[in-house]
Protein chains: 2
Amino acid sequence: MLKLTKKADYGLMAMKHLAEHVDREALSAKDIADAYGIPPQALAKILQRLMRAGLLESQCGIKGGYRLARDPHSISAYEVIQAIDGPLFITSCTTLRGECGQSLRCTVREPLRKVNQSIEEVLKRIRIAHMREEPEMVETKQLADYVMIS
Amino acid sequence: MLKLTKKADYGLMAMKHLAEHVDREALSAKDIADAYGIPPQALAKILQRLMRAGLLESQCGIKGGYRLARDPHSISAYEVIQAIDGPLFITSCTTLRGECGQSLRCTVREPLRKVNQSIEEVLKRIRIAHMREEPEMVETKQLADYVMIS
DNA sequence: GAAACTCGGACTGATTTGGTCGCATATTCA
DNA sequence: TGAATATGCGACCAAATCAGTCCGAGTTTC
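**A short note on the protein's contact with DNA strand D**
Here comes step 1: Near DNA strand D lie 27 residues; those nearest to it are Lys6(A), Ile62(A), Ala29(B), Ser58(B) and Tyr66(B).
Here comes step 2: Taken together, the sugar and phosphate atoms account for 68% of what DNA strand D places within 4 Å of the protein.
Here comes step 3: In the model, a base oxygen of DNA strand D is placed 3.2 Å from a nitrogen or oxygen of the Gly61(A) main chain.
Here comes step 4: One of the backbone N or O atoms of Ile62(A) is found 3.3 Å from a base oxygen in DNA strand D.
Here comes step 5: Contributing elements (two or more residues each) for the surface near DNA strand D: α1 (6–19) and α3 (40–52) of chain A together with α3 (40–52), β1 (56–59) and β2 (65–68) of chain B.
Here comes step 6: Sorting elements by how many residues they give to the surface near DNA strand D places α3(B) first, with four residues.
Here comes step 7: Here the residues of the surface near DNA strand D are counted per class, giving 11 nonpolar, 11 polar and five charged.

**Thoughts on unusual backbone geometry**
All names here are of chain A.
Here comes step 1: We note that Lys-63 has phi near 65°; this positive angle belongs to a residue other than glycine.
Here comes step 2: On the secondary structure map, Lys-63 appears in the loop between β1 (56–59) and β2 (65–68).
Here comes step 3: Overall, Lys-63 belongs to the exposed group, its relative accessible area being 67%.

**A short note on the packing of aromatic side chains**
Here comes step 1: Scanning the entire structure with this criterion turns up zero aromatic pairs over all chains.
Here comes step 2: Above the ring of Tyr78(B), the side-chain terminus of Lys124(B) is found at 4.8 Å from the ring centroid.

**Let's talk about the protein's contact with DNA strand C**
Here comes step 1: Every one of the 27 residues lining DNA strand C counts as a neighbour, but Ala29(A), Ser58(A), Tyr66(A), Lys6(B) and Ile62(B) are closest to it.
Here comes step 2: A breakdown of the atoms of DNA strand C within 4 Å of the protein gives sugar and phosphate a share of 67%.
Here comes step 3: One of the side-chain nitrogen or oxygen atoms of Arg52(A) is found 3.5 Å away from a phosphate oxygen of DNA strand C.
Here comes step 4: Between DNA strand C and Ile62(B), the relevant distance is 3.3 Å, taken from a base oxygen to a main-chain nitrogen or oxygen of the residue.
Here comes step 5: Mapped by element, the contributors of at least two residues to the surface near DNA strand C are α3, β1 and β2 of chain A together with α1 (6–19) and α3 of chain B.
Here comes step 6: No other element matches the four residues that α3(A) contributes to the surface near DNA strand C.

**Some points on the nonpolar core**
Here comes step 1: Grouped together as the largest cluster of nonpolar side chains are 87 residues, with contacts concentrated most on Leu50(A) and Leu50(B).
Here comes step 2: Beyond its immediate stretch of four places on either side in the chain, Leu50(A) contacts Gly11(A), Met15(A), Leu55(A), Leu56(A), Val80(A), Ala83(A) and Ile84(A).

Cut-off values and rules
The residue numbers shown here count from 1 along each chain, following its written sequence. Chains carry letters and ligands carry numbers; both start at the beginning, A for chains and 1 for ligands, and go up in the order they are written. Where local features are concerned, this predicted model is filtered to residues with pLDDT of at least 70; where side-chain atom pairs are given and counted, the filter is 80 or more; whole-chain, interface and lining totals use all residues. The side-chain numbers reported here are obtained from all heavy atoms of the structure, hydrogens and water having been left aside. Any residue with a heavy atom positioned within 4 Å of a molecule or strand is treated as near that molecule or strand. For this analysis, a polar contact is any N or O atom pair within 3.5 Å, provided that within protein one partner can donate a hydrogen and the other can accept it, and provided that sequence-adjacent residues contribute only side-chain to side-chain pairs. For the purposes of this entry, the term helix denotes a DSSP run of H or I that reaches at least four residues, the term strand denotes a run of E that reaches at least two, and both are numbered from the N terminus. Amino acid classes used here: Ala, Val, Leu, Ile, Met, Phe, Trp, Tyr, Cys and Pro are nonpolar; Asp, Glu, Lys and Arg are charged; the rest, including Gly, are polar. Burial here depends on accessible area, computed with a 1.4 Å probe over protein chains only, as a share of the maximum for the residue type. Under 20% is buried, over 50% is exposed, and the range in between is partly exposed. Only Phe, Tyr and Trp rings are paired, with Trp represented by its six-membered ring, and only when their centres lie within 6.5 Å; those with planes under 30 degrees apart are stacked, over 60 edge-to-face, the remainder tilted. The criterion for a charge sitting over a ring is simple: Lys NZ or Arg CZ within 6 Å of the ring centre, and within 35 degrees of the ring normal. What makes a nonpolar core is a set of buried Ala, Val, Leu, Ile, Met, Phe, Trp, Tyr and Cys residues whose side-chain atoms join them at distances within 4.5 Å. Any pair of residues with heavy atoms lying within 4.5 Å of one another is described as a contacting pair.

So this is what it looks like as structure tokens:
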């Protein structure tokens, strides 16, 4: 129903948290989990995925933990979500190979692919450094005026 | 993982099909299902939902079927999806009541709500009358320039 | 060497999704 | 009038996905 998984939510929260503490030492998965009431083991696996995707640096051992691998201004929500949940497609029939196995005569695939691109672009524009409770975004109504004029 | 359900896909295909045959008699669920290889019973239930949402008119009995209740230019993809899958939220914690039961200190809810609005607007702009294989859409890259300038 | 971390697969229960079945009602037409 | 063909709707089931736990590693610090 067009929603993010909880894992993706957790991942975004963790990344935002790390972005707000770039100065500090590395933060452990438990530290972050406790701060938001997230199940620690669940968050641990999520952070490992973000690590493997190159978004985080990790340090093993006591005093270890995670740290952003890049400037928080350069990390998009899209990257975080994709690292956790894999590639996102709005159409349920689309696969990585790009084809629609189910209905050969599917006629909505192409228009929805465009929608998919729009959503991707929106998510790519959102950087974790910008995620504040009151983000300075251009009113979304305005943006809509630039889509589907045809 | 941010994807439409198959039911929503089917619904959009059916609506598009009906939009292309406004001139004809009412089309039965089976007619449409056969045209795209959709399980007839599954599509029947979807069409009933679209009917209850006021997007379709139905006629019982032999020679019966479905017909668009409104001008296809006035029906958005958003309406179709919402009629089938219910209200869509990008955040997994958001409920109809608007609150995040899980993590009280959830800090990404507000930024994601804005993303949600953007997606809604995009889907509302897409009318089923416009859904062609090669839709005339403004390049999505352009639209992204209007989001998140902060 | 103990403590506190990360690393990663295996596993389980809950929820959602995709689809079917059956029965009731409505309409057409012979 | 009654058979054929529609919609209307709830119940049901199997498969997939999601959310979360468990456990046994390896690493670093002290």
